[in-house]
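Chain by chain, the residues run as shown.
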Amino acid sequence: MYASSTAAMSELVFYVNGKKIVEKNPSPTTLLADVLRYKLKLTGTKVSCGEGGCGSCTVMVSWFDRSTSKILHYSVNACIVPICLLHGLAVTTVEAVGSTKTRLHELQERLVSGHGIQCGFCTPGMVMSMYALLRSNPVPTELQIEHALKGNLCRCTGYRPILDAFRSFSKDSGCPMGDRCCRNKDKKNSSDVVENCNENKNESDMGKQELIFPSELQLSDVYDQQTLEFKSDEVTWLRPVCLKDLLLLKKQHPEALLAAGGTNVAFYLRNASREKPLVIIATTHITELRSFEENEDGFLVGAMTSMTLLENKLMSLIDKHSETKTRLYHSLLDALCLFGSPQIRNRATIGGSLATASRLADVNVLLLAAGSHVKIASTDGEREVKIHDFFTGKSTTCLKPNEVITDVLLPFSTQDEYCGFYKQSPRKDLTLADVNAGLLMEFEAKNSSTVKNAFFAFGGLSSMLAVAKKSSSFVIGRKLDGSLLNELMLSLANELDQFVSGDDAKSFKVAVAQGFMFKFFLKISHQRFPKLEFLRLFKEEERYLLSSQADLQQKHSGVQVYDIITNQSETDSVGQPVPHRYAKQCATGEAVFIDDILPSQGELYLTLVTSTKASAKILKIDPSKALAMKGVVGFLDHTSIISSNKTGLYLDEEIFATEKVDFVGQTIGAVVAESHEIARKAARAVVIEYEELQPITTIEDAISHNSFHSWPGDMGAINYGNVSKAFGSCDHVIEGELKVGSQEHFYMETNSVRVVPKGEDGEMDVYCGTQYGAGLQNLVASTLNVPCNKIYVHTKRMGGSFGGKEFRSYLITLPSALAAHKFNRPVRCALERRQDMQITGYRRAYLAKFKVGFNNNGKVMALDLDMYSNDGFHPEYSAGFMGQSLFYSDNCYAIPNIYVRGHLCKTNLPPTAAMRGAGVPQGLVICEYWMTRVAEFLKRPQHKIREVNMYRGGDVTFISVPIEDSLRRCFEEVLKQSDYEHALVNIENFNRQSTFLKKGISVIPIKFSPGLPPSWYKAGAVVNVYLDGSVLLYHGGVESGQGLHTKMIQIASRVLGVSIDKIHISETCTGIIPNSATTGGSSGADLNGAAILDACNQLMARLKPIKDSNPDGKWEDWIKTAIAQKINLSASGYYNRAISEDFDWKTGKGQPYGYYTYGSAVTQVEIDCLSGNYVILKVDIVMDVGKSLNPAIDVGQIEGAFVMGTGLYALEEHLFGANGHLETSGAGKYHIPTISSIPLEMNVSLLKDCGNPQAVYSSKGIGEPPLLLSNSVFFAIENAVIAARRQAGLSPDFAFNSPATTKQIQSACGLGPQHLLKSLVT
């Protein structure tokens, strides 16, 4: 019972989009996203990661701050906000911002016209982050806009078009077209002016459609003053409104969890292993905890102060006081700049950060160094604790069970005191630290160089915050000079070494911590003794090393160059930069994805029960606890099978495991319940007993155990020329190896399905985000023992796929179909992010061992190569993808003698899957790796060695595919556009002068053939024309953000001669287009476009007599006449692409591909040798896409693929443990590129005067080829590392594998204390 001074309310009141929502006795476990999506049917708010790490669920929360009499707006992650925190607040979702039914908001319009939307799943979250910023700051700076979007992930676009669209709202925005801006039309010599630059429209009337804050919440404080009590069987939620009541409640419930910002509460609410009910006390409305007080010691901050509010307060104090007095506050701003995301900072509080006692919390480590004080209260009284005494151990503090934090003192700095915050993390944003540090040093008196006091604190080194006490004491009484720095580095290394014992990254973490100290030492010397020169530093590295985090933030830019066809008919849109056909629906949240489909009455929800062991016998499956739960309808396992339990591409997998499991995540059973929440909770209650066996998890394990999948037929090796003989005549032969890491698709929409029994004859509708509807249809029909003509697979759109939804969608579809059949009710399953990552496949990891022979002129004469891929337990098209790797082992180089072999390692990991590039990205980076080794061995410029070996137009590859002139044209053009030779000289000069910053540059050419296995080179289409002249298209391809539907509409518009506004595509359905190939291999437009072309040509042939008889008529007139004449206005088109001669693996003869898409990229990077951080300074890309069907879509594919490839080669670590569990699971641990990861400048040009007679309107497939270009990032980084090692006198031979993570970069640079101290002035 709630014991307080006022009676507790059990009614929750809040507003959503202006509508008052009243919830009586709400469940404390309910999250905002669930209410929005499942109760209010506002499905524009998406759920992707479920942990506040991707921004897809972003909404705006508003409240009236009575202390300032202002309405405050801020973005939050709806997937982690408990609904009980919203009492008296107003929520705005994307549905209230704009609508296609009324009008779009200006920011939605600009995002659409700026081509900032591809799959569209992340778009509502992007819109809401920007909307919340504009409501708070109508005219932000460009950096503020970028900062506001750092909590939002996008896997499709590469972010650039999103930034360009939104930066038009900035007060300092300028047009990237410069003098060619459309606003310069009246100037002389304006023939080159661009028609529409999406110019700044800040003067627009955006404010006229903004939702008005509810007057009830503004005029009355009744909801602020109400105490609350909500209960469920497992959780009690209490909300007091004064400190006295809070302390009473904490005394009554000493084990209670306090919820301030609530950023961690959702994880406790989802924990199904609680032994006793959880009590949560919300502190949101206790005014005593939100106070601010400035006194002579510093700034006293209430524990409930959010990080965003703290940031604003600190900036005000910095403006008010001197630099010397606010040095801690400057460092705190550095920490806050890197803290979580804007959505997290808007909710997380300083008291909450301290209470978690996290060893990685950025704010904690700095406050520890600064000697802050913490005020604590209980019913027994108040006390003040030095922060040094506050943290007591691993995630523990000195807080007694009945105590709460009330205030935190942020002390003013003294004139002689200096502090600094430093952080190293795998990714710049949305990432916990590998290592962070709060460092403080105080001197005796003004102008004195003698250290009076020091405190060095580090996070990430051990299980708790680490204080380097010995090193802190060591510097006291010493003078600040080179000698002290030298000895301090050694002292620090010895002391920190003890903290990180047993850590695999021990040397890396110690080196990073030393780098922090080095930077701090430099900062102090510069601030206190600007004329003291005991360090030799290049001006750019001095600027970098001294800059704050805020100062290091840089704007991103780019230019896109392509031809637009002029004097073209209004009814012919081919070649025009038409926005994505369904961009408006995505921007408004109206676009329906699988789990957005509103449930039918009686609909059920399914959750898989999967193995937790990598290799084990199943001893027992006990679902009794799950079945006893309220709302659980049933449990399925292998005994529920109707027909065969065999499934998969080769029917070598089981739908439900029977006697044995072979990888973590293998499906054992499935729980069916009345809600997602119940099903997921019940699935965790199913008990599985195992007898564990020894798993094989790595390539090395597989090799040592001779564990390999078999190759079909004669596949597996290509022997071209005479390698043995060639090696004997080469001037030089080198050997080496390279490891290439695996990669997660991380599509924003997880795998989802909805199966609806139709009630008779065994018919079923399957709504699934799959790339291969026909394949899925066949598996469902086989599983249910019905013919395929009774299963209809529907796919309207997918929130990204990248190959990950090509085959393995059956993992959830088949159990759902079985459940729908058994219970005769609709069943849906939407995987949670972590489970999706564990079970649905990923890009294969590779190990390559090579031997290369070459001559003094750089010409490569022979290649002997073994490639090993980790293919998991089942070979899902492993042979095909390794075959691709073998086919591309030459990349763009004419090698007269090649012997390449592929080995498919069988391990106890989940089966791998198709992924963008399908084996080519691994084969290509391996090729470029040994090519780089050749250049380094000969000490010749790398681009010259590549040029010497590059194919020429008219050449034929070792697999008999002809080469076009475009290959060398792209290479030569990108060298010219990037001013490569001049950039290379500048980088070499920079590296000679700079010790701690190094730059690198690389140019990489690529070729890639869009296509599928020969048996899939087919496509069908249906084109229907209706009485009013409107056109409906169906084709076998699916829309996943690549713009396929848009291009198909453009093709139809040209042939039919009608505006694209008259043409519609509803969905892809196996009931209309049968036996379609998978949508993949960058072949969607080639295949389906040709089928649509065929269907449209048939229609136009039928209409020709009518048009000839009425040449001045309109389309609508001709259609009415045709209908009156009973002409069939439905046409079925078909395309069967013939390959001249398939490749014969036994003889090595044949041509597996029809054509190549070509491109080249120049990438320039800068690395920080002390931390391993890097910045992609500039990327120039030239791409041959033939005659583009839609240049804006093609440029978007190029940029998005390049950024995804940057993740593959330079960021994303996809790691399995020895036990087979994915260690980098979820958005918090798996790091795809964010806005801060992309190139500062990215310029994309489409090669002019190109064609392709083998595809529709001379276009080329483009979805995958640009990803290959991003290995130029890897080699630019490697070249920067080579420069660092060369200067440090280290061996040029070193292991450098993909991805080039910050950890690997720092370690490879090898700048230990002995190298740091070489910069000392003696």
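Everything below is about the structure printed above this text.
Notes on the structure in this doc start here.

Definitions and limits used
- Along each chain, residues carry numbers from 1 onward, in the same order as the chain's sequence is written.
- In view of the model being predicted, local features appear only for residues whose pLDDT reaches at least 70, and side-chain atom pairs are presented and counted only at 80 or more, with totals across whole chains, interfaces and linings using the full set of residues.
- Neither water nor hydrogens contribute to the side-chain values; these are computed over all heavy atoms in the structure.
- Note on conventions: DSSP H or I runs of at least 4 residues are helices, E runs of at least 2 residues are strands, and numbering of each starts at the N terminus.
- Based on C-alpha atoms, the radius of gyration is set beside the globule rule, defined as 2.2 Å times the residue count to the power 0.38.
- Only the protein chains shown count as cover for residues, and all accessible areas are computed by the Shrake-Rupley method using a 1.4 Å probe.
- The sign given to each residue is positive for Lys and Arg and negative for Asp and Glu; His and the chain ends receive no count.
- To locate a charge, take NZ of a lysine, CZ of an arginine, CG of an aspartate or CD of a glutamate.
- By nonpolar core we mean a set of buried residues, namely Ala, Val, Leu, Ile, Met, Phe, Trp, Tyr and Cys, connected to one another through side-chain atoms within 4.5 Å.
- Buried means the residue's accessible area, taken with a 1.4 Å probe over protein chains only, is under 20% of the maximum for its type, while exposed means over 50%, and partly exposed covers the values in between.
- Here a residue-residue contact requires only that any non-hydrogen atoms of the pair lie within 4.5 Å.
- DSSP calls a pair of strands paired once it identifies at least 2 bridges connecting them.
- By convention, orient the strands away from the viewer: a clockwise path from the first strand over the helix to the second makes the crossover right-handed.
- For every element, the axis is a line fit to its C-alpha atoms; helices are fit only across the contacting stretch, and the angle between N-to-C directions ranges from 0 to 180 degrees.
- For classification purposes, an angle smaller than 35 degrees is called roughly parallel, one larger than 145 roughly antiparallel, one from 65 to 115 roughly perpendicular, and anything else oblique.
- Three classes are used: nonpolar for Ala, Val, Leu, Ile, Met, Phe, Trp, Tyr, Cys and Pro, charged for Asp, Glu, Lys and Arg, and polar for all others, with Gly counted as polar.
- We call two N or O atoms a polar contact when they sit within 3.5 Å, provided that within protein one can donate a hydrogen and the other can accept it, with sequence-adjacent residues counted only if both atoms are side-chain atoms.
- Salt bridges are counted wherever a side-chain nitrogen of Lys or Arg sits within 4 Å of a carboxyl oxygen of Asp or Glu.
- Pairs of cysteine sulfur atoms within 2.5 Å are identified as disulfides in what follows.

### Brief notes about the overall build of the protein chain
Here is step 1 of the chain: Within the protein chain, the secondary structure is distributed over 40 helices and 50 strands.
Here is step 2 of the chain: Relative to the compact-globule value of 34 Å for 1322 residues, the protein chain shows a C-alpha radius of gyration of 31 Å, a close match.
Here is step 3 of the chain: Only carbon and sulfur atoms are counted for the fraction: they give 49% of the accessible area of the protein chain, which is about 47200 Å².
Here is step 4 of the chain: Charge-centre separation for the protein chain: the mean point of 134 positive side chains lies 1 Å from the mean point of 139 negative side chains.

### Here's the deal with the nonpolar core
Here is step 1 of the chain: F166, F456, F458, I926, W930, I1181 and I1277 are the most contacted members of the largest nonpolar core, which totals 207 residues.
Here is step 2 of the chain: The residues touching F458, leaving out its near neighbours within four places in the chain, are V365, N436, A437, L439, L465, A466, A468, L492, L496, A513 and M517.
Here is step 3 of the chain: One finds W237, A259, L338 and I405 within the second-largest nonpolar core, a separate group that totals 83 residues.

### Some points on the pairing of strand β50 (residues 1241–1246)
Here is step 1 of the chain: Among the six residues that make up β50, five are buried, leaving the element largely enclosed by the rest of the structure.
Here is step 2 of the chain: Note: strand β22 (residues 557–561) against β50, five bridges, orientation parallel. Bridge pairing in β50 links Q560 to V1244.
Here is step 3 of the chain: Read as a crossover between parallel neighbours, the route from strand β49 (residues 1174–1184) over helix α36 (residues 1191–1210) to β50 is right-handed.

### What about helix α39 (residues 1302–1309)?
Here is step 1 of the chain: Counting buried positions along α39 yields six of eight residues, so the element is predominantly enclosed.
Here is step 2 of the chain: Listed as buried for α39 are T1302, Q1304, I1305, Q1306, A1308 and C1309.
Here is step 3 of the chain: Summarising the contacts, the buried residues of α39 are in contact with β18 (417–424), α17 (506–528), β48 (1157–1168), β49 and α38 (1271–1288).
Here is step 4 of the chain: At the exit of α39 stands G1310, carrying a positive phi of roughly 65°.

### As for the packing of α17 against helix α18 (residues 539–546)
Here is step 1 of the chain: Where α17 contacts α18, the axes come no closer than 9 Å and their chain directions differ by 100°. Considered as vectors, α17 and α18 are oriented roughly perpendicular to each other. Residues K519, L522, K523 and H526 of α17 form the contact with α18, whose participating residues are E542, Y544, L545 and L546.
Here is step 2 of the chain: Here the contact of α17 with α18 is built from residues that sort into four nonpolar, one polar and three charged.

### Looking at the side chain of Q771
Here is step 1 of the chain: Within the element layout of this structure, Q771 appears in the loop between β34 (764–768) and α25 (773–784).
Here is step 2 of the chain: One polar contact links the side chain of Q771 to the main-chain amide nitrogen of G803, over a distance of 3.1 Å.
Here is step 3 of the chain: In this structure the side chain of Q771 is engaged in a polar contact, spanning 2.8 Å, whose partner is the backbone oxygen of T1079.
Here is step 4 of the chain: Once residues lying within four places of it in the same chain are set aside, the contact partners of Q771 are M798, S801, F802, G803, G804, K805, E806, V1038, A1077, T1078, T1079 and G1080.

### Details of the packing of α17 against α39
Any two packed helices are characterised by how steeply their axes cross, that is the angle between the axes, and by the distance between the axes.
Here is step 1 of the chain: Packing of α17 against α39 leaves a shortest axis separation of 10 Å and a crossing angle of 80°. When the interaxial angle is binned, α17 and α39 end up roughly perpendicular. Facing F508, A511 and V512 of α17, the residues of α39 in contact are T1302, K1303, Q1306 and S1307.
Here is step 2 of the chain: Partitioning the contact of α17 with α39 into residue classes produces three nonpolar, three polar and one charged.

### Description of the pattern of salt bridges
Here is step 1 of the chain: Scanning all chains against the criterion turns up 52 salt bridges.
Here is step 2 of the chain: Note that E11 is salt-bridged to K24, the shortest N-O span being 2.5 Å. A residue pair is termed long-range when its members are at least 10 positions apart, and E11 in strand β2 (residues 11–16) and K24 in strand β3 (residues 19–24) qualify at 13 residues.
Here is step 3 of the chain: Taking relative accessible area as the criterion, E11 reaches 24% and is therefore assigned partly exposed.

### Considerations on the state of the cysteines
Disulfide: a covalent bond connecting the sulfur atoms of a pair of cysteines.
Here is step 1 of the chain: In this structure the tally under the stated criterion is zero disulfides.
Here is step 2 of the chain: Between C242, a cysteine without a disulfide, and C84, which holds the nearest cysteine sulfur, the sulfur-to-sulfur distance is 19 Å.

### Here we look at the environment of P1014
Here is step 1 of the chain: Assignment of secondary structure puts P1014 in the loop between β40 (997–1008) and β41 (1018–1025).
Here is step 2 of the chain: Given a relative accessible area of 42%, P1014 falls into the partly exposed group.
Here is step 3 of the chain: Spatially, the C-alpha atom of P1014 lies 43 Å from that of I1282, the residues being 268 residues apart in sequence.

### Details of unusual backbone geometry
Here is step 1 of the chain: A cis amide bond, omega 10°, links S1298 with the succeeding residue P1299.
Here is step 2 of the chain: With respect to the secondary-structure elements, P1299 resides in the loop between α38 and α39.
Here is step 3 of the chain: With a phi angle near 55°, S395 is a residue other than glycine that sits in the positive phi range.
Here is step 4 of the chain: According to the relative accessible area criterion, S395 is partly exposed, its value standing at 48%.
Here is step 5 of the chain: At N824, a position not held by glycine, the phi torsion is positive, near 55°.
Here is step 6 of the chain: Relative to the elements of secondary structure, N824 occurs in the loop between α26 (810–823) and β36 (827–830).

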